[in-house]
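In case you want the letters, here they are:
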Amino acid sequence: MRLGSGTFATCCVAIEVLGIAVFLRGFFPAPVRSSARAEHGAEPPAPEPSAGASSNWTTLPPSLFSKVVIVLIDALRDDFVFGSKGVKFMPYTTYLVEKGASHSFVAEAKPPTVTMPRIKALMTGSLPGFVDVIRNLNSPALLEDSVIRQAKAAGKRIIFYGDETWVKLFPKHFVEYDGTTSFFVSDYTEVDNNVTRHLDKVLKRGDWDILILHYLGLDHIGHISGPNSPLIGHKLSEMDSVLMKIHNSLQSKERETPLPNLLVLCGDHGMSETGSHGASSTEEVNTPLILISSAFERKPGDIRHPKHVQQTDVAATLAIALGLPIPKDSVGSLLFPVVEGRPMREQLRFLHLNTVQLSKLLQENVPSYEKDPGFEQFKMSERLHGNWIRLYLEEKHSEVLFNLGSKVLRQYLDALKTLSLSLSAQVAQYDIYSMMVGTVVVLEVLTLLLLSVPQALHRKAELEVPLSSPGFSLLFYLVILVLSAVHVIVCTSAESSCYFCGLSWLAAGGVMVLASALLCVIASVLTNVLVGGNTPRKNPVHPSSRWSELDLLILLGTAGHVLSLGASSFVEEEHQTWYFLVNTLCLALSQETYRNYFLGDDGEPPCGLRVEQGLDGATATWQDGPGYDVLERDKGHRSPSTSKVLRGREKWMVLASPWLILACCRLLRSLNQTGVQWAHRPDLGHWLTRGILEARFVYVFVLGLLFTGTKDLLKSQVIAADFKLKTVGLWEIHSGFVLLAALLFRPHNLPVLAFSLLIQTLMTRFIWKPLRHDAAEITVMHYWFGQAFFYFQGNSNNIATVDISAGFVGLDTYVEIPAVLLTAFGTYAGPVLWASHLVHFLSSETHSGSALSHACFCYALICSIPVSTYIILVTSLRYHLFIWSVFSPKLLYEGMHLLITAAVCVFFTAMDQTRLTQS
């Protein structure tokens, strides 16, 4: 079957997206889960251990506190409370930490450090996966067992005010609630006032057991102006006043209740030095956890330093404090200082319940659980506990009883720590089978693209794809049988769950048929190449054409970038790689320009330039050279070299353009500090704000431009077949994208957009037109500059640099689909703008459709190479120390970039004017 290069590349990228999706589903493992679902009801608690004596404690211990208030301050990092900012702006909280009846901790939040997964960790004690980064934009109802679910089942009345993510996660769990939109980051005042306005009346009432307050203002300030903003101090002072009000109210009400009250201050995640969050820097993962209650007696002079704990420990601690069963999926340990003031028997009972819950979870998720050190310690602790109970029932007061109890206590604490670590390590158990299936599909697509280079870059931009061969090939059916046999063996013998095995036979069979067909097509194309002797050349139309220095730079630069992805430091600082490549490209273009001007053509000019006087002055057009597929050919004309044609201002602009572009790139490098090593350095301040009404006017203009551009394109292709009208339509669409980017960019990033347009203009007029560059070279240059401008915006391979505020420009409430689309465009505006410019440039310089087909194929190929290589690298490095902090976020970026590339290829194909002929 004969296909155009663009159509073929688009189909390949679409299949590659499918392969990457399967790989990602296998790479990001399913979290540790209990087989006993929460909806099945609570199981009876484990009885107290006994050794030759009967114990009558078979129920849960009673609640330790009467009322519990949880104050969660979004993006509250530990140094905001325990550091200099806390001393200056939170004096009351600092007093409670240093001298009050409290216990202070630094709770470590695991990446991804975004709100929804962290709420799940706090309330369920489980470790959410990276897929929750995506779910964070629209949180589904939480079906796992949690403290909130257990509290409701126990008849406790829960009131909530704050981030509406809680309402989505726990629908119908609150007797009273008032949710606020968490993503409208421009608001840091009303979003907190909406919470505080309920405090006076709810604190006076006694008809509730648990009060949860989630304040968002601090997080929004961080997103807007960073952690060093003067607004941070004002917000911390406001939060300190709120805590003082709540604490004084709880203290005054304790006279009316038989049990003390508990106030919990915590953060869901921290805040990076740029004001965002999502990754694994110290500032993002370390959050304060302060437990305040009159039950925590403190002797004079007792100085307590915050201990480091896990955020997942909060769920088990709250469950014990409220007299509830520990959530079944919790991997956390009880924070022992909370119960150390209780009698020894109660302390051991609490620790026993926690270790029983963790040991059950270990048994259900680890086949060889009996050999686990934590499980062995648990069994030993349980035996010692039984001996202690027997001694306790016989003699309640003795030194032997106290010493044995202390030993059992230490044994339980060691068992808890080891069990928690063992369960947390299960997060690194990968679904290898699904990963291999996705890898095979991606590598098959890459191999097919590489083998198709000679035909795809041919003048006709067509290639013969043997799609009919699989249906008549014995290899096709043999491969299907082998894959089916492997599928059955793996799915029937696997000890752990596998995503691909969970698919229906129709879906799994479709993927196997696709993989088999791709293999047969590869074998057929490879046979034709070997038998026909077709070898890739720079320009298949001109066998005598040689590889230039620019071609070698493109080849070596692509290979160097791909190889750099194997090192965590290069992944963290990938922007440096792209900065180096575009700077080197500018130097290479300068060398090529100077050689072309000063040395001439050596008697064999590969191309010529003819200056035509028009309305816009002198313009250069291509003549008879390897750039035939970029601009129109004129076989009957030979023209002099560049040095003989260009004069005056035109000459100096051509010579100076690479250096102007180099200067622009150097300036843009200092505009946004990104990566890890230099991210803390100051950037240019925000000097512009925009209103909702103005933004909506811009949206109207953008939609108008996109509408008129699409109308002109349809008219040019369907009705009038007008080449000029098509060019106008493409320019209108490109202009609409530029205007939308100008609206969504942070004010200090507007120079990025301005310099992007300037560089595009310089490259178009003074480099791509005067010099001999074909469509493939121009496409690679556009791709490189698009990647460089992705980092010029301030992006990185760190999830924390995603600017979610771009999704809410011009919106006064959260609307999911527009927010997601605007955030995606705001993040990838650089690559998208350079891709749209590429389509317009190639379409405006030639009436032939081969240039667009070549560009689409090259774009798909140059994007597929790093993606295919990277999934092999992360598979081999899956047990690397930085797999979750460095390599995994980069994998998500690569997957999203591939999806953007698929959309770009679809746009290329839609604009392609090539008419395919069936042989």
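These figures come from a predicted structure and were not determined experimentally.

Draft legend 1. Fine view of the overall build of the protein. If you tally the helices and strands in the protein, you get 35 helices and twelve strands. For the protein, the residues scored as buried account for 57% of the 919 residues in total. Considering only contacts in the protein between residues 6 or more positions apart, those separated by 24 or more positions represent 78%. Summed over all atoms, the accessible surface of the protein reaches about 38500 Å², with 61% contributed by carbon and sulfur.

Draft legend 2. Geometry of empty space enclosed by the protein. Tallying each qualifying case throughout the model produces 15 cavities of 30 Å³ or more. Considering only enclosed or pocket space, the largest cavity measures out at about 120 Å³ in volume. If you trace the largest cavity, you find 14 residues lining it, with Gln787, Tyr791, Lys890, Glu894 and His897 closest to the centre. The set of elements that each furnish at least two residues to the lining of the largest cavity consists of helix H31 (775–792) and helix H35 (883–911). Grouping the constituent residues of the lining of the largest cavity by class yields seven nonpolar, four polar and three charged.

Draft legend 3. Fine view of the state of the cysteines. If you walk through the whole model with that rule in mind, you get one disulfide. In this model Cys858 remains outside any disulfide bridge; the closest cysteine sulfur is found in Cys856, 9.4 Å from its own. By relative accessible area, Cys858 is classed as buried at 10%.

Draft legend 4. Up close: the pattern of salt bridges. A full pass over the atoms with the stated rule returns 18 salt bridges. Of the charged contacts in the structure, one is a salt bridge between Glu238 and Lys235, with a shortest N-O distance of 3.0 Å. Here Lys235 and Glu238 lie together in helix H12 (residues 230–253), a separation of three residues that amounts to about one turn. Judged by relative accessible area, which is 26%, Glu238 ranks as partly exposed. The salt bridge partner of Glu574 is Lys890, with a shortest N-O separation of 2.6 Å. With Glu574 in helix H25 (residues 574–598) and Lys890 in helix H35, this residue pair connects regions lying 316 residues apart in the sequence. On the basis of relative accessibility, which here comes to 3%, the residue Lys890 falls in the buried class. Sharing partners across several salt bridges, the network here consists of Arg77, Asp79 and Glu273.

Draft legend 5. Highlighting the sheet that holds strand S5 (residues 176–180). The strand order across the open sheet built from eight strands is S5-S4-S6-S2-S7-S8-S3-S9, with neighbouring strands paired in mixed fashion. Edge positions in the sheet fall to S5 and strand S9 (307–310), since each of these pairs with one other strand and no more. Going from strand to strand, the sheet's axes swing by 15° on average, the running direction of each strand aside.

Draft legend 6. Geometry of unusual backbone geometry. Although it is not a glycine, Ala75 sits at a positive phi angle of roughly 65°. By the secondary structure assignment, Ala75 is in the loop between strand S2 (68–73) and helix H2 (79–82). Phi at Lys172 takes a positive value of approximately 65°, unusual for a residue other than glycine. Within the secondary structure, Lys172 is located in the loop between helix H8 (165–169) and S5.

Draft legend 7. Representation of the packing of helix H30 (residues 750–768) against helix H33 (residues 829–845) within the structure. Contact geometry for H30 and H33: axes closest at 12 Å, N-to-C directions at 30°. Relative to H33, the element H30 lies roughly parallel. Read as a crossing pair, H30 and H33 show a hand that is right-handed. When H30 is examined against H33, the residues Leu753, Ser756, Ile759, Gln760, Thr764 and Trp768 are found in contact with a partner set consisting of Leu833, Trp834, His837 and Phe841. Of the residues belonging to the contact of H30 with H33, the class tally is six nonpolar, four polar and no charged.

Draft legend 8. Seen up close, helix H15 (residues 344–365). Relative to the 32 Å expected for 22 residues at 1.5 Å per residue, H15 spans 32 Å between its end C-alpha atoms, a close match to the ideal helical length. Along H15, 18 of the 22 residues are buried, which leaves the element largely enclosed by surrounding structure.

Draft legend 9. The arrangement of the nonpolar core in detail. Ranked by internal contacts, the top residues of the largest apolar core, which has 121 residues, are Trp784 and Phe785. If one sorts the elements of this core by residue count, helix H34 (residues 850–876) sits on top with 15 residues. The next biggest cluster of nonpolar side chains, apart from the first, holds 74 residues, and it includes Val147, Phe296, Leu335 and Trp388.

Draft legend 10. How the structure looks around the side chain of Gln311. Relative to the elements of secondary structure, Gln311 occurs in the loop between S9 and helix H14 (313–321). The class of Gln311 is buried, set by a relative accessible area of 2%. Within polar-contact distance, the side chain of Gln311 engages the backbone oxygen of Gly267 at 3.4 Å. Not counting residues up to four positions away in its chain, the partners in contact with Gln311 are Ala107, Glu108, Ala109, Arg118, Ala121, Leu122, Gly267, Asp268 and Thr287.

Draft legend 11. Local environment of the packing of aromatic side chains. All told, the structure shown has 24 aromatic pairs when counted by the stated rule. For the pair Phe27 and Phe28, a centre-to-centre distance of 5.2 Å together with 85° between the ring planes defines the contact as edge-to-face. For Phe27, a relative accessible area of 0% corresponds to the buried category. Judged by its relative accessible area of 10%, Phe28 falls in the buried class. Here the aromatic rings of Phe375 and Phe378 are separated by 6.1 Å at their centres, their planes lie at 55°, and the arrangement is tilted. Taken together, the positions of Phe375 and Phe378, both in helix H16 (residues 373–394) and three residues apart, correspond to about one turn of that helix. Grouping residues by exposure puts Phe375 and Phe378 together as buried. Taken together, the ring pairs connect Tyr579, Phe785, Phe789, Phe792 and Trp834 into an aromatic cluster.

Draft legend 12. Layout of the pairing of strand S3 (residues 102–108). Of all seven residues that make up S3, six are buried, and the element is covered over most of its length. Two strands pair when backbone bridges link them, and S3 and strand S8 (residues 286–292) are joined in this way by seven bridges, in the antiparallel orientation. Bridge pairing in S8 places His103 opposite Leu291. Relative to S9, S3 is paired through four bridges, and the arrangement is parallel. For Ala107, the partnering residue across the bridge sits in S9 and is Val309.

Draft legend 13. Spotlight on the packing of H34 against H35. In contact at an axis separation of 10 Å, H34 and H35 are set at 160° when each is read in the N-to-C sense. Relative to H35, H34 is oriented roughly antiparallel. The handedness of the crossing between H34 and H35 is left-handed. Broken down by class, the residue content of the contact of H34 with H35 amounts to 19 nonpolar, three polar and two charged.

Draft legend 14. Quick peek at the side chain of Thr93. Among the structural elements, Thr93 can be located in helix H4 (residues 91–98). A relative accessible area of 2% places Thr93 in the buried class. At 2.6 Å, the side chain of Thr93 forms a polar contact with the side chain of Asp240. When neighbours within four sequence positions are excluded, Thr93 is seen to be in contact with Val81, Asp240, Leu243, Leu265 and Ile290.

Draft legend 15. Representation of the confidence of the model for the protein. Of the residues in the protein, 83% reach a pLDDT of 70 or more, and the chain-wide mean stands at 82. No element of the protein has a lower mean pLDDT than strand S11 (residues 608–614), at 35, and none a higher one than strand S7 (residues 262–266), at 97. Taken as a whole, residues 540–544 scores under 50 in pLDDT and shows ten contacts with residues more than four places along the chain or in a different chain. In this model, residues 914–919 is a region of pLDDT below 50 whose contacts with residues beyond four sequence positions or in other chains number 15 contacts.

Draft legend 16. Up close: the environment of Ile20. Mapped onto the secondary structure, Ile20 falls in helix H1 (residues 5–27). The class of Ile20 is buried, set by a relative accessible area of 5%. Considering only alpha carbons, one finds Ile20 and Gly895, 875 residues apart in sequence, at a separation of 6.6 Å. Setting aside its immediate chain neighbours within four residues, Ile20 contacts Val442, Val867, Ile871, Gly895 and Leu898.

Draft legend 17. Focus on the environment of Thr761. Locating Thr761 in the fold gives a position in helix H30. The spatial distance from the C-alpha of Thr761 to the C-alpha of Ser657 is 9.9 Å, given a sequence separation of 104 residues.

What counts as what
- Residues numbered from 1 in each chain as written.
- Predicted model: local features only at pLDDT ≥ 70, side-chain atom pairs only at ≥ 80, totals over all residues.
- Heavy atoms only, no water.
- Helix = DSSP H or I, 4+ residues; strand = E, 2+ residues; numbered from the N terminus.
- Buried < 20%, exposed > 50% of the residue type's maximum accessible area, 1.4 Å probe, protein only.
- Contact = heavy atoms within 4.5 Å.
- Areas by Shrake-Rupley, 256 points an atom, 1.4 Å probe, with all protein chains shown as cover.
- 1 Å grid on protein atoms, 1.4 Å probe; cavity = no way out; pocket = protein on both sides within 12 Å on 5 of 7 lines; lining within 4 Å.
- Points joined across faces, edges and corners; volume = space filled by probe spheres on them.
- Nonpolar A, V, L, I, M, F, W, Y, C, P; charged D, E, K, R; others polar.
- Disulfide = S-S within 2.5 Å.
- Salt bridge = Lys/Arg side-chain N within 4 Å of Asp/Glu carboxyl O.
- Pairing = 2+ DSSP bridges.
- Axes fitted to C-alpha atoms, helices over the stretch in contact; angles between N-to-C directions.
- Parallel < 35°, antiparallel > 145°, perpendicular 65-115°, else oblique.
- Left-handed = near helix turned anticlockwise from the far one by under 90°.
- Expected span 1.5 Å × (residues − 1).
- Core = buried A, V, L, I, M, F, W, Y, C linked by side-chain atoms within 4.5 Å.
- Polar contact = N/O pair within 3.5 Å; in protein donor to acceptor, adjacent residues only side chain to side chain.
- Phe/Tyr/Trp six-rings, centres within 6.5 Å; stacked < 30°, edge-to-face > 60°.
- pLDDT = per-residue confidence, 0-100.

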